[in-house]
Amino acid sequence: AQSVSQHNHHVILSEAASLELGCNYSYGGTVNLFWYVQYPGQHLQLLLKYFSGDPLVKGIKGFEAEFIKSKFSFNLRKPSVQWSDTAEYFCAVIPFSGGYNKLIFGAGTRLAVHP
Amino acid sequence: DAGVIQSPRHEVTEMGQEVTLRCKPISGHNSLFWYRQTMMRGLELLIYFNNNVPIDDSGMPEDRFSAKMPNASFSTLKIQPSEPRDSAVYFCASSLILAGGQETQYFGPGTRLLVL
């Protein structure tokens, strides 16, 4: 079965530190890739997405992600985090397998940024 | 664009009562999803509608759960009777599936349900 793996469940950083959250998926075909962010008590918001083209995708709030097809990865990065980035981050994948294509979420990574 | 609208935002009810959650998708979107989020199980897809037709309801926990989409601008998720283990945040999401299959799901603010 297709799955999405997020390597870190909890990450704690100080402000201005660099961030990289890992995401790997298990599907060899065409995929659409997403990162969503959920701030405390709020709903999921789209950070960025990859459909095709340039594998380096830039999103909102200074986030970017790189699709590496050979590694089945779509890691999220930010060069300098802020306290306001404290949230839970979800990687999600739509594997195209014909018919109905389901969005599959990872378990999420909780990021805490200390001032 | 108002985004996905859900109501109520919070619901507290007693075990055994009927609960109805409502969702208005983004205008023009052709797909609607109901998710449930808990600490223990994370995000779970409950049901998916495409053009108002239920396509995948394999995630619906049991017969106590039912969902309808009578038209393109409205959907309900009903729990009858409710149980304490149904306490969770229920999210509705909508998307526009394009010819190439590309889609982006946009989430509503969620309904926080507490069953006592």
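Residues numbered from 1 in each chain as written. Chains lettered and ligands numbered in written order. Predicted model: local features only at pLDDT ≥ 70, side-chain atom pairs only at ≥ 80, totals over all residues. Heavy atoms only, no water.

Asker: I'd like to hear about the interface of chain B and chain A, residue by residue, with values.
Answerer: With 20 residues of chain B in contact, the opposing surface of chain A contributes 21 residues. Carbon and sulfur atoms supply 60% of the area buried between chain B and chain A, which totals about 1,700 Å² over both sides. The interface formed by chain B and chain A holds zero salt bridges in total. Applying the counting criterion to the chain B and chain A interface returns three residue pairs in polar contact (both at pLDDT 80 or more). Elements with a contribution of two residues or more to the side of chain B that touches chain A: β4 (31-38), β5 (42-50), β6 (53-56) and β10 (106-107) of chain B. Of the residues forming the side of chain B that touches chain A, the biggest block, three residues, is contributed by β5 of chain B. Here the residues of the side of chain B that touches chain A are counted per class, giving ten nonpolar, seven polar and three charged. (Contact = heavy atoms within 4.5 Å. Buried area = accessible area lost by both parts, 1.4 Å probe. Salt bridge = Lys/Arg side-chain N within 4 Å of Asp/Glu carboxyl O. Polar contact = N/O pair within 3.5 Å; in protein donor to acceptor, adjacent residues only side chain to side chain. Helix = DSSP H or I, 4+ residues; strand = E, 2+ residues; numbered from the N terminus. Nonpolar A, V, L, I, M, F, W, Y, C, P; charged D, E, K, R; others polar.)

Asker: Account for the nonpolar core, naming residues and giving values.
Answerer: Counting 30 residues, the largest nonpolar core has Trp 35, Leu 48, Leu 76 and Tyr 89 of chain A as its most contacted members. The contacts of Tyr 89 of chain A, once residues within four sequence positions are left out, are Gln 6, Leu 21, Trp 35, Tyr 36, Val 37, Leu 47, Phe 63, Leu 76, Gly 108, Thr 109 and Leu 111 of chain A. Trp 34, Phe 65, Met 69 and Ile 79 of chain B belong to the second-largest nonpolar core, a separate cluster that totals 21 residues. (Core = buried A, V, L, I, M, F, W, Y, C linked by side-chain atoms within 4.5 Å. Buried < 20%, exposed > 50% of the residue type's maximum accessible area, 1.4 Å probe, protein only.)

Asker: Which residues make up the side chain of Thr 109 of chain A, and what are the values?
Answerer: Residue and element names in this part refer to chain A. Along the chain, Thr 109 turns up in strand β12 (residues 109-114). A polar atom in the side chain of Thr 109 sits 3.2 Å from the side chain of Gln 6. For Thr 109, the side chain forms a polar contact with the main-chain oxygen of Asn 8, separated by 2.5 Å. Residues contacting Thr 109, with those up to four places away along its chain left out, are Gln 6, Asn 8, His 9, Val 11, Leu 21, Ala 87, Glu 88 and Tyr 89.

Asker: Before we move on, can you summarise the pairing of β5 of chain B with the specific residues and values?
Answerer: Residue and element names in this part refer to chain B. For β5, the tally of buried residues reaches nine of nine residues, placing the bulk of the element in the interior. In sequence, β4 turns back onto β5 through a hairpin of three residues. Between β5 and the antiparallel strand that follows it, β6, lie two residues; Asn 51 among them carries a positive phi value of about 50 degrees. (Pairing = 2+ DSSP bridges.)

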